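The chain contents come next:
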Amino acid sequence: MNDLEYSGKHEALVSPEVWQKVNDRLSQNKKAYKRAYSGSDGLLSGLLFCGDCGARMSIRQWGWKTSKVNKYICYSVSRCSKRMIKSDSCSNRKEHFTVSDLDALVLDEIKKLALDPAALDALVEENAGEAPPDLGAFRERLGNVEKQITRLLNLYQTGIVGLEEIQDRLSALKEERKAAQKCLEEAEAEGSGKMSKGEAAAALASLSGIIEAGDGDGLYALVHSLIEKVVVLNGNVTIYWAFC
Ligand SMILES: [Zn+2]
């Protein structure tokens, strides 16, 4: 009867039993993941970057004639698209991941977070070191410039000063306003790009439902909402999460 008291706080977002079910279904029914696993449009498409040259990575048939497999390859190495090449000497040539191995590895990291809220907490804490942009300071600066412009225009309207007297000052203030607006917009964009921890938890909680339903588009959308980018270099993988 006391079960409830013990669950609550550290309850996994997805129970291990559900995950087992989910994994069984996933391996039985890869066809359901048409989009996620089909040829050129992998689960991680658009998220993968080379850890050496910074180029994007794409799925290539890689290997010798008889043993070709779909692998994620840096564009500078595959050289299949001229405009995507970033370097002539990229060193990312060893231990290429097959598409299914890297997809599974990344899904596994997501699964760990879904099973263990403490892991999500730890990740969020780790990233908290990067201070968020100080929107208040930017807004204050913009407000001050606006006030000065208004004051100046009021002076002109009351006839105390002539237009030629305030012109230089006015255009300087307008330049300053433009710069302040730009700073504010950039800071806002940076702040809003990040998912909150609550949003990440909610997304993780939806994972088992998505997989149980065999919803390939849903899985693709979930992976792309949780992850900002994945950097790969000679068998090493670094996941950059999209939440703060
Ligand atoms: Zn590269």
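Residues numbered from 1 in each chain as written. Predicted model: local features only at pLDDT ≥ 70, side-chain atom pairs only at ≥ 80, totals over all residues.

1. Points about the overall build of the protein chain
Scanning the protein chain for helices and strands turns up 11 helices and five strands. Across the 244 residues of the protein chain, 21% fall into the buried class. For the protein chain, the share of sequence-separated contacts (at least 6 apart) that also reach a separation of at least 24 residues comes to 64%. (Helix = DSSP H or I, 4+ residues; strand = E, 2+ residues; numbered from the N terminus. Buried ≥ 20, exposed ≤ 12 C-beta atoms within 10 Å, placed from the backbone. Contact = placed C-beta atoms within 7 Å.)

2. Quick notes on the sheet that holds strand β4 (residues 227-233)
Overall, mixed pairing links the three strands, which are arranged β1-β4-β5 in an open sheet. Whereas interior strands pair on both sides, the edge strands pair on one side only; in this sheet they are β1 (48-50) and β5 (236-241). Strand-to-strand twist in this sheet, taken as the mean axis angle between neighbours without regard to direction, amounts to 25°. (Pairing = 2+ DSSP bridges. Axes fitted to C-alpha atoms, helices over the stretch in contact; angles between N-to-C directions.)

3. A look at the environment of I149
Following the sequence through the fold, I149 ends up in helix α7 (residues 135-157). For the pair I149 and R169, spaced 20 residues apart in sequence, the C-alpha to C-alpha distance is 8.9 Å. The residues touching I149, leaving out its near neighbours within four places in the chain, are L170, L173 and R177.

4. Side note on helix α9 (residues 197-205)
Along α9, the residues that are buried comprise A200, A203 and L204. Here the buried residues of α9 occupy an arc of 100° about the axis, which is enough to place them on one side. Within α9, the exposed residues directed more than 90 degrees away from the buried face are G198 and A202. Contacts from the buried residues of α9 go to α5 (99-115), α6 (117-127), α10 (207-212) and α11 (216-226). (Arc of directions from axis to C-beta.)

5. Some thoughts on the environment of R139
Here R139 lies in helix α7. Since 14 C-beta atoms lie within 10 Å of it, R139 is described here as partly exposed. On a C-alpha basis, the gap between R139 and L184 in space is 6.7 Å, while along the polypeptide they are 45 residues apart.

6. A word on the nonpolar core
Ranked by size, the top nonpolar core spans 36 residues in total, and within it L44, L48, C50, M57, Y72, C74 and V232 carry the most contacts. The biggest single contributor to this core is α5, with six residues. With sequence-adjacent residues up to four places away left out, M57 is seen in contact with L48, F49, C50, Y72, I73, C74, Y75 and V232. (Core = buried A, V, L, I, M, F, W, Y, C linked by C-beta atoms within 7 Å.)

7. Some thoughts on unusual backbone geometry
Positive phi, close to 50°, is recorded for R79, a residue that is not glycine. Locating R79 in the fold gives a position in the loop between α4 (75-78) and α5. Phi is positive for E95, which is not a glycine, with a value near 50°. One can find E95 in the loop between α4 and α5. With 10 C-beta atoms counted inside 10 Å, the residue E95 sits in the exposed group.

8. A few points about the pairing of strand β2 (residues 57-62)
Relative to strand β3 (residues 69-74), β2 is paired through six bridges, and the arrangement is antiparallel. Counted as the bridge partner of Q61 is N70 from β3.

9. Some words on the environment of Q61
Checked against the element boundaries, Q61 lands in strand β2. Through-space distance from the C-alpha of Q61 to that of Y72 is 8.8 Å; in sequence the pair is 11 residues apart. For Q61, the residues in contact, after removing those within four places along its chain, are K68 and N70.

10. Some points on the confidence of the model for the protein chain
The predicted model of the protein chain has a mean per-residue pLDDT of 80, with 79% of residues at 70 or higher. When mean pLDDT is compared element by element in the protein chain, β1 scores highest at 96, while helix α1 (residues 3-6) scores lowest at 41. Predicted confidence is poor over residues 29-40, with pLDDT under 50, and the contacts of this stretch with residues over four places away or in other chains come to 18 contacts. (pLDDT = per-residue confidence, 0-100.)

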